[in-house]
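# Fold and contact review
This is what each chain is made of:
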Amino acid sequence: MKRRVVITACSAITPIGYGQQSIVESLRLGRSGVKPLRDDGLLTDHIHSRVFGTVDYPIDYAFNRSQRKTMGPVAYYACQVAKDVLEASGLSKESIASGRLGVAFGSTHGSPTVQREIYQTFFQNLEAEFSSIGAVDYLRSMVHTTAVNITRMFGITGRVIASSTACTTSSQAIGFGYEMIKFGMQDAMLCGGADEYDTTTVAVFDNLLACSVGYNDCPSCTPRPFDKKRDGLVVGEGGAAVLLEEYESAKQRGATILGEVIGFACNNNGGDLILPNLDGITSTLRLALDDANIEAKEVDYISAHATATKMGDIIESQAIEAVYGQSPYVTGLKSYTGHTMGTCGAMELIMTLYMMAEDFLAPTLNLQEIDPRCARLNYTPKVIEASTRIASIQNFAFGGVNTCLLIKNGNEVL
Amino acid sequence: MTRDVLQKKILSILVQDFEFQEPGLDDNLREDHGFDSIDAIELLGKIERTLGFSLTREEKEKAMEIRTINDILDYLERIQQGRAQ
């Protein structure tokens, strides 16, 4: 059994806005969401990179205490975008609780904020005689906290997949959700990812010399994917969710079809856990085309992973050139948001859906002089008014995990 | 601690930390206030801090039979009496 899978709702909380209108406005105006790193009272003073893709606007969460008690900050993002998606979908309560809707949702490592609270309790040796670790601390911090807070809040009883593969967390979630529906295991999947404000992740990449450190006085000037003067990634935060549905049932119930997932691939480099691998990435892109049963020339837009690390952008550009040549437009959307880690795949897919819906393409922010070591691609030079039929969403993670999602414009889904 | 003092402390915890609205001493904690097993474990931790001593595993298991605020007060009085002896 192979069934078609469509996207019928989406929502994203991003450093450049929440919802289609504000995100599109930021993309069109070239508005960056990178801000000065907030003081966390612990690591900030030891980190060289002082910039962060920041969600700094108020969000009106309407969760009651019963819902809040098992949620860390990461689950707030996750449940809010999940709520938006379910409300927008028009799915009935019966469908949501039928067991035919599952959840594929993840984060890089649960809630580091709550984990930090737990460790503070351990090491301060306070009230050692009493049970000082709260009953809900594990539920708030655990690695699958986003997925199961979503199931709990909305009474979802289908399958749970809690991918946690750093930068490919949510692209895997969408890919695995697509496969669940394609092969008949579920009829719908709520998929995505979230990551909260966290300096631990910044410190890790900072220590690996992978973070941007040269633009601390001008946060919006970084990251600079494919640019000659790029100096590393910028960590960010946010949440993003999509609802995937089996095509025939979505059409039958009159759902709005935003796009179709026509292909997915995921593989591993099978070796080094950090360095990007040209063969691994090239293979992923080709496997996705095979899964979609389309030719490379049919893809007209690429949302590149493009973190703005020195080697990552070079390798990815070479892989794109090897598979696609110089035809499709290429954008590094992290130039607007920073690297939102577990969220980035879903977030960049949603930004691409918005651009598809509004017939434009955003350029890579801060790309002023293309690094001659990067392959000669069709880098989107400015805001272009153009319709996109098929887009490739590419994401690669520490651990050598690579993903590629191929998405068809909802207006082209027949 | 007298029952009156315990009652004030428990009601304060339930209102402030568990967001109970106008709790009655004989309200059913689960049905009237959505109090569940996670809340019960959380409340026991707060009770330990209020009383100033740790509850044994057996005492904690007995707490799972509690249904009302009056049950909580009965439970705490029994524990206090047991410790006093």
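Up top is the structure.
Attention in this report is confined to the structure presented alongside it. Quick caveat: nothing in here was measured; it's all calculated off a predicted structure. Within each chain, residue numbers correspond to sequence positions counted from 1 in written order. Working convention: letters from A go to chains and numbers from 1 go to ligands, in the order in which they are written. Confidence filtering applies because this is a predicted model: local features only for residues at pLDDT of at least 70, side-chain atom pairs given and counted only at 80 or more, and all residues used for totals across whole chains, interfaces and linings. As a convention, hydrogens and water are excluded, and side-chain values are obtained from all of the structure's heavy atoms.

### Examining the overall build of chain B
Counting from the N terminus, the helices are DSSP H or I runs at least four residues long and the strands are E runs at least two residues long. Counting its regular elements, chain B contains five helices and zero strands. Start at the N end of chain B and walk to the C end: the helices and strands fall as α-α-α-α-α. Atoms considered for the radius of gyration are the C-alpha atoms alone. The globule rule reads 2.2 Å times the number of residues to the power 0.38. Taking 85 residues into account, the globule formula puts the C-alpha radius of gyration at 12 Å, and chain B, at 12 Å, falls close to it. Expressed along its principal axes, the backbone C-alpha trace of chain B runs to roughly 35 × 25 × 20 Å. A simple rule labels every residue: compare its accessible area, found with a 1.4 Å probe on the protein chains alone, to the largest value its type can have, and call it buried under 20%, exposed over 50%, or partly exposed in between. Counting every position in chain B, which comprises 85 residues, the buried fraction comes to 39%. Per-residue and other accessible areas follow the Shrake-Rupley method at a 1.4 Å probe size, with only the shown protein chains counted as cover for residues. Taken as a whole, chain B presents about 5,100 Å² of accessible surface, with 44% of it coming from carbon and sulfur. Asp and Glu are treated as the negative residues and Lys and Arg as the positive ones, with His and the ends of the chain left uncounted. Charge coordinates come from a single atom per side chain, which is NZ of Lys, CZ of Arg, CG of Asp or CD of Glu. Each charge class in chain B was averaged separately, 12 positive and 19 negative side chains, and the resulting centres sit 6 Å apart.

### Thoughts on the overall build of chain A
In terms of helices and strands, chain A carries 14 helices and 14 strands. Taken over the C-alpha trace, chain A has a radius of gyration of 20 Å; the compact-globule value for 414 residues is 22 Å, and the two agree within 12%. Once the C-alpha set of chain A is aligned to its principal axes, its extents read approximately 65 × 55 × 40 Å. Counting across all 414 residues of chain A, residues that qualify as buried make up 61%. Of the accessible surface of chain A, which amounts to about 15,600 Å², a share of 52% is contributed by carbon and sulfur atoms. The averaged location of the 44 negative side-chain charges in chain A is 3 Å from the averaged location of its 34 positive side-chain charges.

### So, the pairing of strand S7 (residues 188-195) of chain A
Residues and elements named next belong to chain A. Here S7 lies mainly inside the structure; eight of its eight residues are buried. Covered by surrounding structure in S7 are Ala188, Leu190, Gly192 and Ala194 together with Met189, Cys191, Gly193 and Asp195, the residues of both alternating faces. Of the strand pairs in this sheet, strand S5 (residues 101-106) and S7 are connected by six bridges, and their pairing is parallel. When the sheet's bridge partners are listed, valine 103 is paired in S7 with leucine 190. DSSP bridges decide pairing: two strands pair if at least two such bridges lie between them. When S7 meets strand S8 (residues 238-246), the two strands line up antiparallel, connected through eight bridges. Across the sheet, residue cysteine 191 finds its bridge partner in S8, namely valine 242.

### What to know about the state of the cysteines
All names here are of chain A. Cysteine sulfur atoms that pair up within 2.5 Å are treated as a disulfide. Per the counting criterion, the structure on display carries one disulfide over all chains. Two residues, cysteine 218 and cysteine 221, share a disulfide whose sulfurs are 2.0 Å apart. Across the S-S bond linking cysteine 218 and cysteine 221, the dihedral sits near 50°, which makes this disulfide right-handed. By relative accessible area, which is 27% here, cysteine 218 ends up partly exposed. Residue cysteine 167 stays outside any disulfide, its sulfur separated by 5.8 Å from that of cysteine 344, the closest cysteine. You can see cysteine 374 has no disulfide; the closest cysteine sulfur is in cysteine 167, sitting 18 Å from it. Residue classification places cysteine 374 among the buried residues on the basis of a relative accessible area of 2%.

### Observations regarding a nonpolar patch on the surface
All names here are of chain A. Nonpolar side chains (Val, Leu, Ile, Met, Phe, Trp, Tyr) within 5 Å and like charges within 9 Å form the patches, drawn only from residues with over 30% relative accessible area and no salt bridge. The rule for a salt bridge is simple: a side-chain nitrogen of Lys or Arg has to be within 4 Å of a carboxyl oxygen of Asp or Glu. The grouping of Val204, Leu208, Leu273, Ile274, Leu275 and Phe398 at the surface amounts to a nonpolar patch, some 530 Å² of accessible area in total. With respect to the helices and strands, the residue leucine 208 is situated in the loop between helix H9 (199-207) and S8. A relative accessible area of 39% places leucine 208 in the partly exposed class.

### As for the pattern of salt bridges
Applying the stated criterion to the full structure yields 32 salt bridges over all chains. Linking aspartate 74 of chain B and arginine 3 of chain B is a salt bridge whose minimum nitrogen-to-oxygen distance equals 2.8 Å. Remark: arginine 3 of chain B occurs in helix H1 (residues 3-16) and aspartate 74 of chain B occurs in helix H5 (residues 69-84); sequence separation between them is 71 residues. One salt bridge connects glutamate 48 of chain B with lysine 60 of chain B, and the closest N-O pair in it is separated by 3.7 Å. Here the residue glutamate 48 of chain B occupies a position in helix H3 (residues 37-51), and lysine 60 of chain B occupies one in helix H4 (residues 57-63), the gap between them amounting to twelve residues. The exposure class assigned to lysine 60 of chain B is partly exposed, which follows from its relative accessible area of 27%. What you see here is one network of salt bridges that share partners, running through Arg65 and Lys69 of chain A together with Asp36 and Asp39 of chain B.

### Side note on the packing of aromatic side chains
All names here are of chain A. Geometry of aromatic contacts follows a simple scheme: Phe, Tyr and Trp rings, the Trp one being its six-membered ring, pair when their centres are within 6.5 Å, and the pair is stacked under 30 degrees between planes, edge-to-face over 60, tilted otherwise. Evaluation of the coordinates by the stated rule reveals nine aromatic pairs over all chains. Ring centres of phenylalanine 52 and tyrosine 197 lie 5.0 Å apart, and the angle between their planes is 70°; on these two criteria the pair is classed as edge-to-face. Linking phenylalanine 52 in strand S4 (residues 51-53) with tyrosine 197 in the loop between S7 and H9, this pair joins segments that are 145 residues apart in sequence. Between the aromatic rings of phenylalanine 226 and tyrosine 379, the centroid separation amounts to 4.9 Å while the plane-to-plane angle is 50°, which identifies the pairing as tilted. Of this pair, phenylalanine 226 sits in the loop between H9 and S8 while tyrosine 379 sits in strand S12 (residues 378-379); the two residues are 153 residues apart in sequence, bridging distant segments of the chain. Classification of phenylalanine 226 as buried rests on a relative accessible area of 0%. Taking relative accessible area as the criterion, tyrosine 379 reaches 7% and is therefore assigned buried.

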